[in-house]
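Chain by chain, the residues run as shown.
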Amino acid sequence: MISKKQFEKELNIIISNAVREDVGGGDYSSLACIPESAQGKAKLLVKEDGIIAGVEFAKRIFEYVDINLQVEALINDGNEVKYGDIVFYVSGSSLSILKAERLVLNAMQRMSAIATKTKKFANLLEGTKTKILDTRKTTPGIRAIEKWAVKIGGGENHRFALYDMIMLKDNHIDFAGGITQAITKTKRYLEDNQLDLKIIVEARSLKEIKEILKSEGVHRILIDNFNYDDTRKAVALIGDKCQTESSGGITLETARKYAECGVDYISSGALTHSVYNMDLSLKAI
């Protein structure tokens, strides 16, 4: 994953760009009818059961919009919430609260949905050694908060982007002329450019796994679209030579069975690309 410093930078970019997009020249609806001196208070109300995520991000948004806004959090990120719960109160300039409202809701609704789905996977994998991973199948421009939500829900982050890990998938392998060629060229490239990046290689068959294992320096083998029997065989073949990861259409219905095959990780794009926003609202009080 990327450094904490880079992650913080990504969060700041998301907030500044979202405010630019949503507010533009001004929140004229609010400016037209609310005095600049008006003070107010609002509550973040839960309207659907799940895992709350984005409280800390909301604090960042409020601070960016108006450093004088005060947030009183009643429920923290990662906690279960039920319909009717109040997550936090925010107080200060009414104009500032309204300016931040939509961004706070958009972010928290999305993050909470991702955390809720991730938690379901994590619960299913309890008692096994397998961890649930996200992917790069994220919403353009807000990857950092979506991956943050996965962590809040009990999952682990895969690589953040193309620059912080090597993943040799089917197209890389085919374009490079084969598995061994792809790995050899990659290791030479990393050495020539003084890059210290972990290498993951995708395998489409047990035969390809055997070929991958002939090369040194592979951190993890991606066991892609294997059935349960072949996944067990793959895990046995790999042993402790490197990490193992199952992927390819794994669902809540199949995740436990793949975990019981002995893989270290299961990755699922559905954590981020197939969720419905949790219903939350910000209500003036």
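Before any of the text, the structure's been laid out above.
The paragraphs below set out a description of the structure included in this document. (Residues numbered from 1 in each chain as written. Predicted model: local features only at pLDDT ≥ 70, side-chain atom pairs only at ≥ 80, totals over all residues. Heavy atoms only, no water.)

Here we take up helix α3 (residues 55–65). Taken as a whole, α3 has its buried residues at Val55, Phe57, Ala58, Ile61, Phe62 and Val65. Summarising the axial view, the buried residues of α3 lie within an arc of 155°, below the 170-degree limit, and thus occupy one face. Each element contacted by the buried residues of α3 is listed here: α1 (4–23), β3 (70–73), β5 (86–93), α4 (94–124) and α5 (143–152). (Buried < 20%, exposed > 50% of the residue type's maximum accessible area, 1.4 Å probe, protein only. Helix = DSSP H or I, 4+ residues; strand = E, 2+ residues; numbered from the N terminus. Arc of directions from axis to C-beta. Contact = heavy atoms within 4.5 Å.)

Our next topic: the sheet that holds strand β8 (residues 199–203). The parallel open sheet is built from six strands, whose spatial order is β6-β11-β10-β9-β8-β7. On the outer flanks of this sheet lie β6 (131–133) and β7 (166–168), each paired with one strand and no other. Adjacent strand axes in the sheet meet at a mean angle of 25° when their direction is disregarded. As paired elements, β8 and strand β9 (residues 220–224) share four bridges and run parallel to each other. By the bridge assignment, glutamate 202 is partnered in β9 with leucine 222. (Pairing = 2+ DSSP bridges. Axes fitted to C-alpha atoms, helices over the stretch in contact; angles between N-to-C directions.)

The geometry of α1 relative to α5 is characterised by a closest axis approach of 8 Å and an angle of 120° between their N-to-C directions. By the angle between their axes, α1 is oblique relative to α5. Between α1, through Phe7, Glu10, Leu11 and Ile14, and α5, the contact on the second element is made entirely by Ala144, Ile145 and Trp148. A per-class count over the contact of α1 with α5 returns six nonpolar, no polar and one charged. (Parallel < 35°, antiparallel > 145°, perpendicular 65-115°, else oblique. Nonpolar A, V, L, I, M, F, W, Y, C, P; charged D, E, K, R; others polar.)

What follows concerns the packing of α1 against α4. As a packed pair, α1 and α4 sit with axes 10 Å apart at the nearest point and diverge in direction by 115°. Two packed elements cross with a definite hand, and for α1 against α4 that hand is right-handed. Packed against α1, whose contacting residues are Ile15, Ala18, Val19, Asp22 and Val23, the element α4 presents Lys99, Arg102 and Leu103 at the interface. Here the residues of the contact of α1 with α4 sort into five nonpolar, no polar and three charged. (Left-handed = near helix turned anticlockwise from the far one by under 90°.)

As a further point, take the pattern of salt bridges. The tally for this structure, following the rule as stated, stands at 12 salt bridges. A salt bridge links glutamate 8 to lysine 4, with the shortest nitrogen-to-oxygen separation between them at 3.4 Å. Placement of the pair is glutamate 8 and lysine 4 together in helix α1, with a separation of four residues, close to one helical turn. In this structure glutamate 8 comes out as partly exposed when scored by relative accessible area, which is 22%. Overall, lysine 4 belongs to the exposed group, its relative accessible area being 65%. (Salt bridge = Lys/Arg side-chain N within 4 Å of Asp/Glu carboxyl O.)

A word on the packing of aromatic side chains. Inspection of every chain in the model, using the stated rule, returns four aromatic pairs. Here phenylalanine 57 and tryptophan 148 contribute two aromatic rings whose centre-to-centre distance is 6.2 Å and whose plane-to-plane angle is 80°, an arrangement assigned as edge-to-face. Of this pair, phenylalanine 57 sits in helix α3 while tryptophan 148 sits in helix α5, placing them 91 residues apart in sequence. Accessibility classification places phenylalanine 57 together with tryptophan 148 in one group, the buried group. When the centroid spacing of 5.9 Å and the interplanar angle of 85° are considered together, the rings of phenylalanine 62 and phenylalanine 88 count as edge-to-face. Of this pair, phenylalanine 62 sits in helix α3 while phenylalanine 88 sits in strand β5, and the two are 26 residues apart along the sequence. Given the relative accessible area of 0%, phenylalanine 62 is considered buried. (Phe/Tyr/Trp six-rings, centres within 6.5 Å; stacked < 30°, edge-to-face > 60°.)

With that settled, the discussion passes to the nonpolar core. Ranked by internal contacts, the top residues of the largest apolar core, which has 80 residues, are Phe57, Phe88, Met108, Ile221, Ile223 and Ile266. At 12 residues, α4 tops the list of elements feeding residues into this core. (Core = buried A, V, L, I, M, F, W, Y, C linked by side-chain atoms within 4.5 Å.)

Spatial strand order, β3-β5-β1-β12: four strands in an open sheet with antiparallel pairing. The open sheet has two edge strands, β3 and β12 (280–284), and neither has a second partner. The sheet shows a mean angle of 20° between the axes of neighbouring strands, direction not considered. Sitting on the sheet, α3 touches β3 and β5, and the angle it makes with β5 is about 5°. Contacts from α4 reach β1 (39–46), β5 and β12, with the element oriented near 155° to β5.

Taken together, the side chains of Glu48, Asp49, Glu80 and Asp279 define an acidic patch exposed on the protein surface. For aspartate 49, the position within the fold is in the loop between β1 and β2 (50–51). For aspartate 49, a relative accessible area of 47% puts it in the partly exposed group. (Patch = residues over 30% accessible without salt bridge, like charges linked within 9 Å, V, L, I, M, F, W, Y side chains within 5 Å. Areas by Shrake-Rupley, 256 points an atom, 1.4 Å probe, with all protein chains shown as cover. Lys, Arg positive; Asp, Glu negative; His and termini not counted. Charge placed at Lys NZ, Arg CZ, Asp CG, Glu CD.)

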